[in-house]
Amino acid sequence: MMYPPEPFKIKSVETIKMTTKEERAQVLKEAGYNTFLIPSKKVYIDLLTDSGTSAMSDHQWASMMIGDEAYGGSENWYHLRDAVQEVYGFEYVVPTHQGRGAENLLSQIMIKHGDYIPGNMYFTTTRTHIELNGGKFVDVIIDEAHQPEIELPFKGNVDLKKYQNLIDEVGANRIPYICVGVTVNMAGGQPVSMENLRKVKEISEKNGIKVMFDATRCVENAYFIKEREPGYGDKSIAEILKEMMSYADGCTMSGKKDCLVNIGGFLALRDQDLYEKATSLVVVYEGMPTYGGMAGRDMEAMATGIYESLDFHYIEHRIKQVRYLGDKLDEAGIPIIKPVGGHAVFLDAKRFLPHLSQDELPAQALSAEIYLDSGVRSMERGIVSAGRDEKGRNRYPKLETVRLTIPRRVYTYSHMDVVADSVISLFDKRNSIKGLEFVYEPPVLRFFTARFKPI
Ligand code: F0G
């Protein structure tokens, strides 16, 4: 396997400091063993998320200097709108402060109480907005996506049979749209094939159901299609992306990932009626339809980032840097979700810590231990993230993982080596790792602010 060198050089640096193990033990205790609650200055290598953590390019920083900070009709808004129309091909664009702002608008304008929203595995904020609007999320991803060790090129695909069964069971009139994540974050950053997207569109159109993409990591998905799907090897990322989007009626976007910015998002639509409904809500929750919670300079940086993300060398390096870390861990026998996806390497905490039951929160415990060992910050994606169902019972996801999420253009291969060494050394003493229990549990999206203590 060839791992391409960084297709950029470093113009500005941020110093990071190493802490002592004693210091980290204290920090961890104060943070209630929740890595979200650790002050970032106490982190050595921050793999909590790839969201809003990208390094912007010199061109994006230059874009920030031409911010038109007008309440109405900012020049930067027109640039952003034009970029979305040109690159993704949607006519109507509603700006929002980040992805969940767009999810809020979409859920409010489309979901009625008692509706069903199928999707290829849940995402935390997406499902919460669906439920807050009286909808029920139904997982229609292929079964293999829930099994960490099965290797498939497109493990994020919608199971068309499951989707059709849901339509037959509840009736198409109870399904306003299907939400398709490209890629699928909670499955390990797994992509969806073009063929699958085409078929989802076909079934949906036949039944009068709209197709809404969660386009948050759509450029990564386009790269995987180019790499793996017959007939796409010679197509550009831009061409693939355009075709992917042609199978959607709209999308929500967290600009904080593939648009290469620190803040921003949008809802994009083809339908004028839906667009008008969304604009009447955006003024309530986000701001004028020409800024949606973003500063002018942020919109300009996002417009520039959208074009930069199409560069093949950029996206190839991004995907293969993640794969480099995954391959190193795999070669050392560490259980990870396979194949390695687009934005992160997911450790399989069930197999890493088989002596802990899921109620002992193995992924949360492992994430805390990694921080203690090396100052590397990761994130739990297991039972804590899955939350409780409508009856208040814990959900028990099949995947109990720790996510090592790689920010875009931020860290080098040497940083990946440090991370791998830490995880491998912990694996050697895994039997000594103890479970955790809740001492504080918030009612929604509990993983962000929950606190724990060792059992
Ligand atoms: N959809 C997906 C697939 C996401 O990964 C995220 C955010 C969102 C929607 C919400 O977007 O954060 O801009 O409001 N994911 C981050 C993560 C938080 O760490 O995976 P947002």
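Residues numbered from 1 in each chain as written. Predicted model: local features only at pLDDT ≥ 70, side-chain atom pairs only at ≥ 80, totals over all residues. Heavy atoms only, no water.

## A closer look at the domain arrangement of the protein chain
At step 1: According to the domain assignment, the protein chain contains domain 1 (21-50 + 312-454) and domain 2 (58-310).
At step 2: One C-alpha centre belongs to domain 1, the other to domain 2; they are set 26 Å apart.
At step 3: Taken together, the 33 residues of domain 1 in the interface contact 41 residues of domain 2.
At step 4: Both sides of the domain 1 and domain 2 interface together cover about 3000 Å² of buried area, and 56% of this is carbon and sulfur.
At step 5: Summed over the three residues of domain 1 that lose the most area to domain 2, namely F312, P339 and L399, the buried surface amounts to 18% of that side.
At step 6: Our count for the domain 1 to domain 2 interface comes out at eight salt bridges.
At step 7: Note that R408 and D258 form a salt bridge whose closest N and O atoms lie 3.1 Å from each other. (Domains from an automatic or database assignment. Contact = heavy atoms within 4.5 Å. Buried area = accessible area lost by both parts, 1.4 Å probe. Salt bridge = Lys/Arg side-chain N within 4 Å of Asp/Glu carboxyl O.)

## So, the UniProt feature "modified residue: N6-(pyridoxal phosphate)lysine" (unreviewed entry) in the protein chain
At step 1: Per the UniProt record, "modified residue: N6-(pyridoxal phosphate)lysine" (unreviewed entry) is annotated on K257.
At step 2: Along the chain, K257 falls in the loop between strand 7 (250-254) and strand 8 (265-269).
At step 3: If sequence neighbours within four positions are ignored, K257 has contacts with D50, S51, S54, T216, R217 and R408. (UniProt positions renumbered as here; feature names shortened; annotations may be inferred. Helix = DSSP H or I, 4+ residues; strand = E, 2+ residues; numbered from the N terminus.)

## Focus: the pairing of strand 3 (residues 116-119)
At step 1: As defined by bridge partners, strand 3 adjoins strand 4 (residues 136-139) across four bridges and the pair is classed as parallel. If you follow Y116 over to strand 4, its bridge partner there is K136. (Pairing = 2+ DSSP bridges.)

## Quick word on the pattern of salt bridges
At step 1: For the coordinates displayed, the defined rule picks out 34 salt bridges.
At step 2: In this structure, E151 engages K338 in a salt bridge whose closest nitrogen and oxygen atoms are separated by 3.9 Å. Of the two residues, E151 sits in the loop between strand 4 and helix 6 (160-170) while K338 sits in the loop between helix 12 (312-331) and strand 9 (344-348), which places them 187 residues apart along the sequence.
At step 3: Measuring nitrogen to oxygen at the nearest pair gives 2.9 Å for the salt bridge that ties E227 to R323. Taken together, the residues span a long stretch of sequence, with E227 in helix 8 (residues 218-228) and R323 in helix 12 at a distance of 96 residues.
At step 4: Here the residues in one salt-bridge network are D50, R217, E220, D258, R318 and R408, joined through shared partners.

## So, the pairing of strand 2 (residues 92-96)
At step 1: Taken across its five residues, strand 2 has five buried, putting it largely inside the fold.
At step 2: What you see with strand 2 is no split at all: Y92, V94 and T96 on one side and V93 and P95 on the other are buried throughout.
At step 3: Sheet topology note: the strand 2/strand 8 ladder contains five bridges and is antiparallel. Residue pairing for strand 8: T96 is matched across the bridge by G265. (Buried < 20%, exposed > 50% of the residue type's maximum accessible area, 1.4 Å probe, protein only.)

## Quick word on the site of the ligand
At step 1: Around the ligand, the structure places 17 residues, and the nearest of them are T49, R100, D214, S254 and K257.
At step 2: In the environment of the ligand, an oxygen atom lies 2.8 Å from a nitrogen or oxygen atom belonging to the side chain of N185.
At step 3: Separating an oxygen atom of the ligand from a side-chain N or O atom of R403 is a distance of 2.7 Å.
At step 4: Top element by residues in the shell around the ligand is helix 4 (residues 99-110). It accounts for three residues.
At step 5: Across the shell around the ligand, the residue classes tally to two nonpolar, eight polar and seven charged. (Near = heavy atom within 4 Å. Polar contact = N/O pair within 3.5 Å; in protein donor to acceptor, adjacent residues only side chain to side chain. Nonpolar A, V, L, I, M, F, W, Y, C, P; charged D, E, K, R; others polar.)

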